[in-house]
Amino acid sequence: MTRKADRDQIRRQNRSIVLQALRRGGSMARIDLGQITRLSPATVTAITSDLLDQGLILSLESEEPKTPQARGRPRTLLKLNPDAAFIIGARLSVNNIDLSLVDFAGEVVRENRTKFDSAAADASSFPEILITAISNFLKEAGVQRGRVQEIGIAAQGVVETETGQVAWSPAFAGRKIPIVSPLQDAFGAQCYISNDTNMITEALHWSDPNRYSGTFAVIMLDYGVGMGLYLNNQLFSGASGTAAEFGHANHIPGGALCRCGKRGCLEAYLSDYALVRAATHLPEDTDPMTIRAGVRGLAQLLEKAASGDENALKAFHEAGRVLGYGVARVIAMIDPKRLVLTGAAMRAFSFMEKGMQDGLEEALVADLRNNFSLDVMPWNEDFIRSGLIAQSMERLDKDFLGAAERTAEDAPRRDNAEMPA
């Protein structure tokens, strides 16, 4: 039984590798698939034959011109069948629902942004808002609900993947917002929810697995402060899905007021509202909701720092020091080979870098702080969508392959049941 389970696991893994290779590289011949995946010709042939039977891939003749010495028919190329299934990726942020419709080849075929009132959205009202937004989106795209197999959700704040809820987020007025269960009931599709920074982490691994693999961490400094962790080649979200809440780890007990309602969180010293509060000498107990920050506020602060404004420069430097303390904790705990900093605030990294290095030196011995590489990335919101697509496609591949195996296993039972006694 164990040997059969092992063989089944290897077969599923190999099929997934082939699908991912076609999704990354586009149309290619079997011989090319073998070279990319390092699977044997026999294995590639067997897997692609099954996938063709399932309608998950298509066969087409190559349009490459034949050399004068070439004989026989043009070589056959294989490609993913874009109409095999669709997924929806949804990003939930303050006042916005960003939707993407993606075909089985991983191509985004439609996008839409729906506005809603974050100040009024709670557990009773938001599920219907989201269902209506997705329903209208599919109607406009001319896609029936039944063709959507996966819905991936990325949300700001504290997300519980186990319960399918957003425990807390600046995007909502209330707490414990149910997401997964209402969507599954409404659309009959598999649904998964994750923190938005986790999806950035997934996107980096998908786009460059050679660089972003093993154990690495992503810290996003933006409207809030988030973290994604990749541990031993797996995205890590903890027992309930709320792991790596870097922004709401305490920095100073009883310190500055955070948007979450607690005092002293790292976010209360690193986010956009924290930077504006510090630069304008507002009291630390000033309600973050009353501070005009955001993209415009951060841009104005950057302009002041660039012109030599001492208050702006000090705010960025001190935020960098706090970041250094936080990074030191991450390094001491998980020993990442790479740390990625991203988010809108990375436009100010040149003003924060010295403070961050000072914080690291104060908080961590040299033997530990010299063991990792630092990547500072310009902010790109497409990271979140790319991560959603990569994760949803991986789940969809497994669902299709699992369904095919169950059908194959049931076939002999049906045949035997129909044989006369």
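What counts as what
Counting restarts for each chain: residues are numbered from 1 in the order of the written sequence. In keeping with the predicted nature of the model, local features appear solely for residues at pLDDT of at least 70, side-chain atom pairs appear and are counted solely at 80 or more, and the whole-chain, interface and lining totals rest on all residues. Side-chain numbers come from the whole structure's heavy atoms, not from hydrogens or water. To form a nonpolar core, buried Ala, Val, Leu, Ile, Met, Phe, Trp, Tyr and Cys residues must be joined to one another through side-chain atoms within 4.5 Å. Remark: exposure states derive from per-residue accessible area (1.4 Å probe, protein chains only) relative to the maximum for the residue type, with buried under 20%, exposed over 50%, and partly exposed in between. Strands here mean DSSP runs of E at least two residues long; helices mean DSSP runs of H or I at least four residues long; both are numbered from the N terminus. Here a residue-residue contact requires only that any non-hydrogen atoms of the pair lie within 4.5 Å. In this analysis an axis means a line fitted to C-alpha atoms, helices contributing only their contacting stretch, and an angle means the value between N-to-C directions, from 0 to 180 degrees. Crossing handedness follows the turn of the near helix against the far one: under a right angle anticlockwise gives a left-handed crossing, and clockwise gives a right-handed one. Side-chain classes follow a simple rule in which Ala, Val, Leu, Ile, Met, Phe, Trp, Tyr, Cys and Pro form the nonpolar group, Asp, Glu, Lys and Arg form the charged group, and the remainder, Gly included, forms the polar group.

Chemist: Residue-level account of the nonpolar core, with values.
Modeler: Among the nonpolar cores identified, the biggest contains 52 residues, and Ile219, Leu221, Phe246, Leu270, Phe316, Leu323 and Leu341 are the most heavily contacted of them. Broken down by element, this core gets its largest block of residues, ten residues, from helix α10 (residues 310-334). In this structure leucine 270 touches Leu221, Val225, Phe246, Leu275, Ala319, Val322 and Leu323, once residues within four positions along its chain are discounted. Among the nonpolar cores identified, the runner-up in size contains 33 residues, and Ile88, Val143, Ala171 and Ile179 belong to it.

Chemist: An account of unusual backbone geometry is needed here, citing residue identities and associated values.
Modeler: Located in the positive-phi region is alanine 244, a residue other than glycine, with phi close to 65°. Checked against the element boundaries, alanine 244 lands in the loop between β14 (234-236) and α7 (267-270). Of note, the phi angle at aspartate 335 is positive, near 50°, even though the residue is not glycine. Topologically, aspartate 335 is positioned in the loop between α10 and β15 (338-342).

Chemist: I'd like to hear about the packing of helix α2 (residues 30-37) against helix α3 (residues 41-54), residue by residue, with values.
Modeler: α3 packs onto α2 with a crossing angle of 115° between their chain directions and a minimal axis gap of 10 Å. The two elements α2 and α3 cross, and the hand of that crossing is right-handed. Contact with α2, carried on its side by Arg30, Leu33, Gly34 and Thr37, involves Val44, Thr45, Thr48 and Leu52 of α3 and no other residues of that element. Its residues assigned to classes, the contact of α2 with α3 comprises three nonpolar, four polar and one charged.

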